[in-house]
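Observations on the model geometry
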Amino acid sequence: MSELSWDFYRSFLTVLQQGSLSAAARELGLTQPTIGRHVDALEEAIGVELFTRSPNGLLPTNTALALKPYAETLAATTAALLRTASGQRESVAGTVRVSASEIVGVEILPRILRPLQETYPDLQIELSASDAIEDLLNREADIAVRMAEPRQDALVVRRIGDLPLGFHAHRRYIERHGLPETLADLARHRLIGFDRQTAYIRLMISRYSMPDINFAFRSDSNLAQLSAIRAGVGIGICQTGLARENPDLIHILPEAFNIPLGTWVAMHESLKTSPRCRVTFDALVKGLQDYHRYSTGA
């Protein structure tokens, strides 16, 4: 089989992700016939049908699903190549892709990255705010803020410290429902949590001798849970540092319940000589250390 253009794989992957030729065309800024030609060319080259039509759009065949991880690897490698090429100058310029959890990416990093980009106006930040862990070794991201200690080799890692988590509620909720005085009292309150009881939640219940909890507001998004706490929906767990910024959020049972959330900043060791990655890494470390001191009252 002759070599095919990366554009064919990119169009194939985008159709897989978007579910239709028209949606893929909008995503890539191409025309629908162009996307269709790319997919047709790929199907012809491999000799297998990749999509079947249905009332709900294009459905991937088993072959398409089997090819998906390889196309995703190509996409990540191509993006890393472009980022590297964009930054091969002594000046701080080009793109740095930063991966962080949803809460950290939305609530904490923008305030750290703003002065960095004001200092280096040619520096471009690409932020992936997701609880999915992106692979630094395969360059899915250049720098990652992790809430689990990185175990891979060939990484430059700085430990920030433990960010405290605790139960919090808005003042309006406390005024209506009262302040729980023990962990057992939580069973009589509206609690905010995940939409399913994971092994981690069961561990927390066991560790703190808490009653079996039924969450009144459930979401698999940490950001949605934080928003619900701020809105006065009920009592939920959030970072103490974020809660301290809002005088209407009350820290509940701080002596009885306190979860340390370990935090690290990591990047591939091959990037430590890259000016754009080095200054971004250093800014994230310093900014998160400042946030850690604020969160812990140090």
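Structure first, text after, so check above.
Below is a short write-up of the structure. Since this is a predicted model, take the numbers as computed values, not measurements.

Within the protein, the regular secondary structure consists of 10 helices and 11 strands. Across the 298 residues in the protein, those meeting the buried criterion constitute 44%. Sequence-distant contacts in the protein: of pairs separated by 6 or more residues, those separated by 24 or more amount to 73%. A total of about 15,600 Å² of accessible surface is found on the protein, and carbon and sulfur atoms cover 50% of it.

A word on the nonpolar core. Membership of the largest hydrophobic core comes to 50 residues, with the highest contact counts inside it found for L109, I235, V265, L284 and L288. Broken down by element, the residue count for this core peaks at eight residues, all from helix α10 (residues 275-296). If we skip the residues at most four places from it in the chain, I235 touches F167, H168, A169, Y173, P180, L186, H189, R190, L191, I192 and I252. Of all hydrophobic cores here, the second largest spans 15 residues; its members include V15, L16, A25 and F51.

Moving on, we come to helix α5 (residues 102-119). Counted at 1.5 Å a residue, the expected span for α5 with its 18 residues is 26 Å, and the 25 Å between its end C-alpha atoms agrees. Taking the largest bend as the criterion, α5 deviates by roughly 55°, centred on L109, and proline P110 comes between one and four positions later. If you check which residues of α5 are buried, you get E102, I103, V104, G105, E107, I108, L109, I112, L113 and L116.

Let us now look at the side chain of T95. Inspection of the secondary structure assignment puts T95 in strand β3 (residues 94-100). Judged by relative accessible area, which is 13%, T95 ranks as buried.

Attention shifts here to the pattern of salt bridges. Applying the stated criterion across every chain yields a total of 12 salt bridges. E107 is paired through a salt bridge with R230; the nearest N and O atoms lie 3.0 Å apart. Residue E107 is located in helix α5, and its partner R230 is located in helix α8 (residues 222-230); the two are separated by 123 residues in the primary sequence. Here the salt bridges do not stand alone but share partners, grouping K286, D290 and R293 into one network.

The subject of this paragraph is the packing of helix α1 (residues 6-18) against helix α2 (residues 21-28). Between α1 and α2, the shortest axis-to-axis distance is 8 Å and the interhelical angle comes to 120°. Considering how the two elements wind past one another, α1 and α2 form a crossing that is right-handed. Between α1 and α2, the contacting residues are R10, S11, T14, V15 and Q18 on the first element and L21, A23, A24, E27 and L28 on the second. Partitioning the contact of α1 with α2 into residue classes produces five nonpolar, three polar and two charged.

On to the environment of V92. Its place among the elements puts V92 in the loop between α4 (62-86) and β3. As a C-alpha pair, V92 and Y120 span 28 residues in sequence and 6.5 Å in three-dimensional space. If near-sequence neighbours (up to four positions away) are discounted, V92 is found in contact with Y120, D122, L123, P275, R276 and V279.

Okay, the packing of α5 against α8 next. Where α5 meets α8, the closest approach of the two axes is 8 Å, and the angle between their N-to-C directions is 55°. Between α5 and α8, the angle is such that the two are oblique. Contact residues: E102, I103, V106 and E107 in α5; N222, L223, L226 and R230 in α8. Tallied by class, the residues present in the contact of α5 with α8 amount to four nonpolar, one polar and three charged.

This brings us to the environment of D40. Note on placement: D40 falls in helix α3 (residues 32-46). Residue classification places D40 among the partly exposed positions, given a relative accessible area of 46%. Taking the C-alpha atoms as reference points, D40 and F12, separated by 28 residues in sequence, lie 9.5 Å from one another.

With 13 residues, α1 extends 18 Å from end C-alpha to end C-alpha; this agrees with the ideal 18 Å at 1.5 Å per step. All buried positions along α1 are accounted for by F8, S11, F12, L13, T14, V15 and L16.

Moving on, we come to the packing of aromatic side chains. Scanning all chains against the criterion turns up two aromatic pairs. The interplanar angle of 55° and the centroid separation of 5.9 Å between the aromatic rings of F12 and F51 together place this pair among those described as tilted. A residue pair is termed long-range when its members are at least 10 positions apart, and F12 in helix α1 and F51 in strand β1 (residues 51-54) qualify at 39 residues. You can call F51 buried: its relative accessible area is 7%. Residue placement shows R244 over the ring face of Y294; its charged tip is 4.5 Å from the ring centre.

Here the focus is the side chain of R276. Of note, R276 is situated in helix α10. Engagement of the side chain of R276 in a polar contact is seen with the backbone oxygen of T95, the distance being 2.9 Å.

What counts, and where the lines are drawn
Once a new chain begins, its residue numbering starts again from 1 and follows that chain's sequence as written. Only residues with pLDDT of at least 70 get local features here, since the model is predicted, and only at 80 or more are side-chain atom pairs given and counted; chain-wide, interface and lining totals rely on the full set of residues. Only hydrogens and water are removed before side-chain values are computed, so all heavy atoms of the structure are retained for them. By definition, any uninterrupted DSSP run of H or I lasting at least four residues is a helix, any uninterrupted run of E lasting at least two residues is a strand, and each is numbered from the N terminus. We call a residue buried when its accessible area falls under 20% of the maximum for its residue type, exposed when it is over 50%, and partly exposed in between, using a 1.4 Å probe and counting protein chains only. Working rule for contacts: check all heavy atoms of both residues, and any pair within 4.5 Å makes them a contact. For every accessible area listed, the method is Shrake-Rupley and the probe measures 1.4 Å; residues are considered covered only by the protein chains on display. Only buried residues count toward a nonpolar core. Its members are Ala, Val, Leu, Ile, Met, Phe, Trp, Tyr and Cys residues joined through side-chain atoms within 4.5 Å. Expected helix span is taken as 1.5 Å per residue step, with the number of steps being one fewer than the number of residues. Bend, in this description, refers to the angle at a residue between axes fitted to the seven residues ending there and the seven starting there. Here a salt bridge means any side-chain nitrogen of Lys or Arg lying within 4 Å of a carboxyl oxygen belonging to Asp or Glu. Interaxial angle, 0 to 180 degrees, is taken between N-to-C directions of lines fitted to C-alpha atoms, where a helix line uses only the stretch in contact. Put simply, a crossing is left-handed when the front helix is turned counterclockwise from the back one by less than a right angle, and right-handed when it is turned clockwise. Just so you know the grouping, Ala, Val, Leu, Ile, Met, Phe, Trp, Tyr, Cys and Pro go in nonpolar, Asp, Glu, Lys and Arg go in charged, and all remaining residues, Gly too, go in polar. Under this scheme an angle from 65 to 115 degrees is roughly perpendicular, one under 35 degrees roughly parallel, and one over 145 degrees roughly antiparallel; angles in between are oblique. Aromatic rings from Phe, Tyr and Trp, taking only the six-membered ring of Trp, are treated as a pair when their centres fall within 6.5 Å; an angle between ring planes under 30 degrees marks them as stacked, one over 60 as edge-to-face, and anything in between as tilted. Charge-over-ring contacts are defined here by two conditions on Lys NZ or Arg CZ: a distance within 6 Å of the ring centre and an angle within 35 degrees of the ring normal. Within 3.5 Å is the distance limit for a polar contact, defined as a pair of N or O atoms, with the added protein rule that one can donate a hydrogen and the other accept it, and that residues adjacent in sequence qualify only through two side-chain atoms.

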